[in-house]
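# Summary of structural features
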Amino acid sequence: MTATTDNVPAEPPRAQPLHVRLRQAREQAGLTQEQAGEKFGCAASGIHQIEIGTIRLLPRRLDDLLALYGLRVELVPVEDVTR
């Protein structure tokens, strides 16, 4: 939890959609859409479509894209999410 300037805890940020987070991950990895597409095996327009949410990835391809960006998925047990 982050604190505001008046020491009142700020609301936690709302979860962003996956496609927005993928764009942010690509940018943090220092890759353009063209570079990411070349390494991922698709055109830059494919990366763009993923990042605006019109293309959904199968889990294996999502894992490949995250690996390209230097990330990995960690699953959280459902009971931990509901607490």
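Now for a look at the structure at hand. Small disclaimer: the values here were computed from a predicted structure and weren't measured.

## A look at the overall build of the protein
If you tally the helices and strands in the protein, you get five helices and zero strands. Seen in sequence order, the protein has helices and strands lined up from the N terminus as α-α-α-α-α. Expressed as a percentage of its 83 residues, the buried residues of the protein come to 20%. Looking at the protein as shown, the accessible area adds up to about 6600 Å², and 54% of this sits on carbon and sulfur atoms.

## Some thoughts on the nonpolar core
Residues Leu22, Ala25, Leu31, Ala36, Phe40, Ile47, Ile50, Leu62, Leu65, Leu66 and Tyr69 constitute the largest nonpolar core, which totals eleven residues. Those elements giving two or more residues to this core turn out to be helix H1 (18-28), helix H2 (33-40), helix H3 (44-51) and helix H4 (59-68). Sorting elements by how many residues they give to this core places H4 first, with three residues.

## Here's the deal with the side chain of Arg26
Tracing the backbone shows Arg26 in helix H1. Classification of Arg26 as buried rests on a relative accessible area of 7%. Filtering out sequence-adjacent residues up to four positions away, Arg26 remains in contact with Leu31, Thr32, Gln33, Ala36, Ile47, Glu51 and Tyr69.

## Let's talk about the pattern of salt bridges
If the charged atoms of two oppositely charged side chains come close together, the side chains can form a pair. Counting across every chain of the model gives six salt bridges. The partner of Asp63 in a salt bridge is Arg60, and the shortest N-O contact between them spans 2.9 Å. Remark: Arg60 and Asp63 occur in helix H4; sequence separation between them is three residues, near one turn of the helix. Take Asp63: its relative accessible area is 31%, and that puts it in the partly exposed class. Relative accessible area serves as the criterion here: at 55%, Arg60 is assigned to the exposed category.

Cut-offs and rules
- Residues numbered from 1 in each chain as written.
- Predicted model: local features only at pLDDT ≥ 70, side-chain atom pairs only at ≥ 80, totals over all residues.
- Heavy atoms only, no water.
- Helix = DSSP H or I, 4+ residues; strand = E, 2+ residues; numbered from the N terminus.
- Buried < 20%, exposed > 50% of the residue type's maximum accessible area, 1.4 Å probe, protein only.
- Areas by Shrake-Rupley, 256 points an atom, 1.4 Å probe, with all protein chains shown as cover.
- Core = buried A, V, L, I, M, F, W, Y, C linked by side-chain atoms within 4.5 Å.
- Contact = heavy atoms within 4.5 Å.
- Salt bridge = Lys/Arg side-chain N within 4 Å of Asp/Glu carboxyl O.

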